[in-house]
Amino acid sequence: MPPKQEKPSIDVVELDSSDDDVPGGNSPVIEKANAVVPSDSNYKPLDSRSFWKAGNFDVGRIKSTATHGELEHARVHPKFLHSNATSHKWAFGAIAELLDNAVDEISTGATFVKVDRISNPRDNSPALLFQDDGGGMDPERLRKCMSLGYSSKTSNSTIGQYGNGFKTSTMRLGADVIVFSRSSHSGRATQSVGLLSYTFLRRTGQDDVIVPMIDFDISDHWAEPILYGSQDDWSTNLKTILEWSPFATKMDLLQQFDDIKSHGTRIIVYNLWLNDEGIYELNFDDDDEDIMLRDEANHGNTSKTNKRGLELQSHISYRLRYSLRAYTSILYLRKFTNFSIILRGKPIEQFNILDELKLSKVITYKPQLAGTSKEILVETTLGFVKDTPSPICGFNIYHKNRLIRPFWKVTADGSSKGNGVVGVLEANFIEPAHDKQDFERSSLFFKLETRLKQMVMDYWKAHCHLIGLAPLEPHLRNLQRESFVPPQVQVANAQNQSPTDFQPVTGLAAHPRPHFHSAQSGNSGRTNCNRESPAVQPMTGNATGSVQKDTQTTSSSCMSIDQICEENIQLFRRCESYIQRETELKRTIEELEKELEDTKKKSSELSSRLESQKKLKLLKQLGQKA
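Residues numbered from 1 in each chain as written. Predicted model: local features only at pLDDT ≥ 70, side-chain atom pairs only at ≥ 80, totals over all residues. Heavy atoms only, no water.

Engineer: Would you explain the overall build of the protein in this entry?
Structural biologist: For the protein, the helix and strand inventory stands at 16 helices and 16 strands. By residue count, 44% of the 626 residues in the protein fall in the buried class. Restricting to contacts in the protein with at least 6 residues of sequence separation, those with at least 24 account for 69%. About 33,700 Å² of surface is accessible on the protein, with carbon and sulfur atoms providing 49% of the total. (Helix = DSSP H or I, 4+ residues; strand = E, 2+ residues; numbered from the N terminus. Buried < 20%, exposed > 50% of the residue type's maximum accessible area, 1.4 Å probe, protein only. Contact = heavy atoms within 4.5 Å. Areas by Shrake-Rupley, 256 points an atom, 1.4 Å probe, with all protein chains shown as cover.)

Written out as structure tokens, the structure reads:
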């Protein structure tokens, strides 16, 4: 939105033009390309560079803007830009907002969005670049983008909906942002520049949010200024942009459109925030192909160097906290077909955690929506993460294809139940919070949480013993006990069978998976019940008492069913480790065979080369003799 009646107390840049160059006429306005910022420019960052301290300043007296016959209106103080941005507790959440805007442009033909670090020409400080080749924004749409609460996104498929994400996200990442956008709409090609500068507003003492913007009509292949007010208004906007943006001349400003080509948007966030230690919050130095969150990365580097700790820290559920590449790889549930997210020159490889699950199971959930007869069916996929330490668990909850809550643990803290279980679902029936890092605490949300807890418990009870994370649950043990045939003394007819032939008969029901030990197995170093139980003597006296006594003796000497289950679980674990080891050995063999083939090829080449050298040497010797 261009400056209103009150303008910044700064000089206007004088533009050279001929008498025939009337703004808005048929002839273009020829402006000085070297209209530089005066040498006494007061451009410099704010004194407080930490985001969480940048809002600590006193608000001066608010000036009245009402003129005769007009009503007072509410004003937006610059301090609101900062307080509004505090909705983003996490810097990556702010970056995701800007990526969402680019993804929404897929419907207008966008094929990529690139995120990169560039240098601020003013002081060579790092700045953050976002650029896409979508449809771009015309002057009207850019003004809505820079305003609070406007949103032109009405489709159910678009991620953005509140009209607040651009302001909160850019102000969360840095104190200032400049936007370049080129668009073609209704047969008119335009390019626009907008500056949202917290530094400018603070240092010039503004009590209202002033956003200088300039627009050009490029339909005739030259940049002709579009005036919405007077020539002085347009000049003042340009002057403010040149003084407070990274670009000191109009030529530098317009050169930014060269990268945009025919349509698209280029966003540069500069004067990036520092942490409490005075270091840039975003780390561009540790990885040339990634952007790290410095404090989160340091927090993740614990003193533990054991194998288990390293495996935990290498998993994506941990890396997404401090690696933008890891976080962006799972940010969208469905993989793009004709769209790429390019981070520091390298495309992001999208990752779906569903591809990493074993023993997966799809569970349907029908949420009860109040006030509507529409029935919704939500599919949730559960499974154990392959080759990962058991503490990894939780649900990745998406909304309109966008990740809202990553690895949300719904089970109680401290409980081992549910460890290793990961789930994925798309919950479009509940609304996300404004920062898109959580959901609104509605009754539907709490019902979903309860349902997910039940899903995890049911899945855990039915599957945990299959991968050796816990023994069988009591109800499964009871099934085994019920199917267990205790030792019996079979009373035979004295005429057909000798009393000494009476032997106890034992058995064990089938394990859910093939078991390695049963009550009758005796070749693994364990005592066999049949061998240890003495032969039953002919019954005399009270037959019932004798049978009970022999049964108790046999049962006490046999391995208990719990012990068998426990040993089976241990064997399953060993079997899994042997299978994994076998796979690794096969891979090693393949690599060694490949190396052997390469070595043979090299040996053959060397032999051939040596043979030819010998022939050449022999020919030389013969030539010398001749």
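The structure having been displayed, the exposition proceeds.
Engineer: Mind showing me how you'd approach helix H3 (residues 139-146) here?
Structural biologist: Because an α-helix packs 3.6 residues into every turn, residues spaced three or four apart end up facing the same way. Those residues of H3 that fall on the buried side of the exposure criterion are Pro139, Leu142, Arg143, Cys145 and Met146. Taken down its axis, H3 places every buried residue within 155° of arc, on the same side. Packing partners of the buried residues in H3 comprise helix H4 (165-173), strand E3 (174-185), strand E4 (188-197) and strand E5 (213-217). (Arc of directions from axis to C-beta.)

Engineer: Help me out: how do you make sense of the sheet that holds strand E10 (residues 340-343) in this one?
Structural biologist: Note on sheets: strands pair through backbone hydrogen bonds, and any given pair is parallel or antiparallel. One open sheet accounts for nine strands, arranged E6-E5-E4-E3-E7-E2-E1-E10-E11; its pairing is mixed. Across the chains shown, the open sheet's two edge strands, defined by having one partner strand only, are strand E6 (224-225) and strand E11 (346-347). Note: E4 against E5, five bridges, orientation antiparallel. What sits directly across from Val193, in E5, is Ile214. (Pairing = 2+ DSSP bridges.)

Engineer: Would you mind showing me how to read a negative patch on the surface here?
Structural biologist: On the surface, Glu590, Glu591, Glu593, Glu595, Glu597 and Asp598 cluster together to form a negatively charged patch. Inspection of the secondary structure assignment puts Glu595 in helix H16 (residues 561-625). Residue Glu595 is classed as partly exposed on the basis of its relative accessible area of 48%. (Patch = residues over 30% accessible without salt bridge, like charges linked within 9 Å, V, L, I, M, F, W, Y side chains within 5 Å. Salt bridge = Lys/Arg side-chain N within 4 Å of Asp/Glu carboxyl O. Lys, Arg positive; Asp, Glu negative; His and termini not counted. Charge placed at Lys NZ, Arg CZ, Asp CG, Glu CD.)

Engineer: Even after reading the chapter, I still don't get the packing of aromatic side chains, so can you show me in this structure?
Structural biologist: Two descriptors summarise a pair of aromatic rings, namely the distance from one centre to the other and the angle between the planes of the rings. In this structure the tally under the stated criterion is 15 aromatic pairs. Relative to Tyr327, the ring of Trp90 has its centre 4.8 Å away and its plane inclined at 70°; by these criteria the two rings are edge-to-face. Remark: Tyr327 occurs in helix H11 (residues 324-329) and Trp90 occurs in the loop between helix H1 (78-85) and helix H2 (91-104); sequence separation between them is 237 residues. Note on accessibility: Trp90 and Tyr327 belong to one class, buried. Ring plane angle 75° and centroid distance 5.8 Å describe the contact between Phe180 and Phe247, whose orientation is recorded as edge-to-face. With Phe180 in strand E3 and Phe247 in the loop between helix H6 (231-244) and helix H7 (250-255), this residue pair connects regions lying 67 residues apart in the sequence. In textbook terms, an aromatic cluster arises when at least three aromatic residues are bridged by ring pairs, as seen for Trp408, Phe439, Phe445 and Phe446. (Phe/Tyr/Trp six-rings, centres within 6.5 Å; stacked < 30°, edge-to-face > 60°.)

Engineer: Help me understand the nonpolar core, please; the structure alone is not making it clear to me.
Structural biologist: As a rule of thumb, nonpolar side chains are buried together in soluble globular proteins. Residues Leu128, Phe130, Leu173, Ile178, Phe180, Leu253 and Tyr327 are the most contacted members of the largest nonpolar core, which totals 93 residues. It is H2 that contributes the most residues to this core, nine residues altogether. The contact partners of Leu253, leaving out residues within four places of it in the chain, are Ile178, Phe180, Val193, Ile214, Leu238, Ile241, Leu242, Ser245 and Phe247. By size, the runner-up hydrophobic cluster in this structure holds 27 residues, among which are Ile363, Phe395, Ile404 and Leu452. (Core = buried A, V, L, I, M, F, W, Y, C linked by side-chain atoms within 4.5 Å.)

Engineer: What is the right way to look at H1 in this model?
Structural biologist: Within the sequence span of H1, burial applies to Pro78, Leu81, His82, Asn84 and Ala85. Angular distribution of buried residues about the axis of H1 spans 165°; they occupy a single face of the element. Elements in contact with the buried residues of H1: H4, E4 and helix H5 (198-203).

Engineer: I'm lost on the side chain of Thr328 in this one. Help?
Structural biologist: Relative to the assigned elements, Thr328 resides in helix H11. The exposure class of Thr328 is buried, given its relative accessible area of 3%. With residues up to four places along the chain from it excluded, the contact list for Thr328 reads Leu99, Ile341 and Ile348.

Engineer: For this particular structure, what's the right way to read the pattern of salt bridges?
Structural biologist: Between side chains of opposite charge, a pair can form as their charged atoms come close. Following the criterion strictly, the structure yields 15 salt bridges and no others. Residue Glu243 is joined to Lys239 by a salt bridge in which the shortest nitrogen-to-oxygen separation is 2.4 Å. Of this pair, Glu243 and Lys239 both sit in helix H6, four residues apart, which is roughly one turn of the helix. An identical accessibility class is assigned to Glu243 and Lys239; each is buried. Of the charged contacts in the structure, one is a salt bridge between Asp438 and Arg405, with a shortest N-O distance of 3.3 Å. With Asp438 in the loop between strand E16 (421-426) and helix H12 (443-463) and Arg405 in strand E15 (residues 402-408), the pair connects residues that are 33 residues apart, well separated along the chain. Owing to a relative accessible area of 18%, Arg405 belongs among the buried residues under this scheme. By sharing partners, the salt bridges in this structure join Arg405, Asp438 and Arg441 into a single network.

Engineer: Whenever I open this one, the environment of Ala189 confuses me. Can you help?
Structural biologist: Looking at where Ala189 falls in the secondary structure, it is placed in strand E4. A relative accessible area of 18% places Ala189 in the buried class. Considered as a pair, Ala189 and His263 are 74 residues apart in the sequence and their alpha carbons are 9.1 Å apart. When sequence neighbours within four positions are dropped, the list of residues in contact with Ala189 reads Ser183, Ser184, Phe216, Asp217, Ile218 and Ser219.

Engineer: Whenever I open this one, a nonpolar patch on the surface confuses me. Can you help?
Structural biologist: A cluster of nonpolar residues, Leu616, Leu618, Leu619 and Leu622, forms a patch on the protein surface that exposes about 410 Å² of accessible area. Within the element layout of this structure, Leu616 appears in helix H16.

Engineer: Please clarify how the confidence of the model for the protein should be interpreted in this entry.
Structural biologist: Interpretation of the predicted coordinates at a detailed level should be avoided for regions scoring low in pLDDT. Per-residue confidence for the protein gives a mean pLDDT of 76, with 68% of residues at or over 70. Within the protein, the lowest mean pLDDT, 40, falls on helix H14 (residues 529-532), and the highest, 97, falls on E10. Note that residues 1-40 has pLDDT below 50 and, in this model, 75 contacts with residues that lie over four places away or in other chains. Between residues 484-558, whose pLDDT stays under 50, and residues either more than four places distant or in other chains, the model counts 84 contacts. (pLDDT = per-residue confidence, 0-100.)

Engineer: Is there a simple way to explain the packing of H1 against H4 in this structure?
Structural biologist: Interaxial distance between H1 and H4 falls to 8 Å at its minimum, and their mutual angle equals 90°. If you check the angle between H1 and H4, you find them roughly perpendicular. Contact residues: Leu81, Asn84 and Ala85 in H1; Thr168, Met171 and Arg172 in H4. Of the residues contributing to the contact of H1 with H4, the split by class is three nonpolar, two polar and one charged. (Axes fitted to C-alpha atoms, helices over the stretch in contact; angles between N-to-C directions. Parallel < 35°, antiparallel > 145°, perpendicular 65-115°, else oblique. Nonpolar A, V, L, I, M, F, W, Y, C, P; charged D, E, K, R; others polar.)

Engineer: Could you clarify how one ought to interpret the sheet that holds strand E12 (residues 357-365) in this entry?
Structural biologist: The strand order across the open sheet formed by five strands is E12-E13-E16-E14-E15, and the pairing between neighbours is mixed. Here the strands that pair on one side only, and so sit at the sheet edges, are E12 and E15. For this sheet, the mean angle separating the axes of adjacent strands, direction not counted, is 15°. Pairing of strand E13 (residues 378-385) with E16 involves four bridges; the strand directions are antiparallel. Pairing of Gly383 across the sheet is with Val422, part of E16. Sitting on the sheet, H12 touches E12, E13, strand E14 (394-399), E15 and E16, and the angle it makes with E12 is about 140°.

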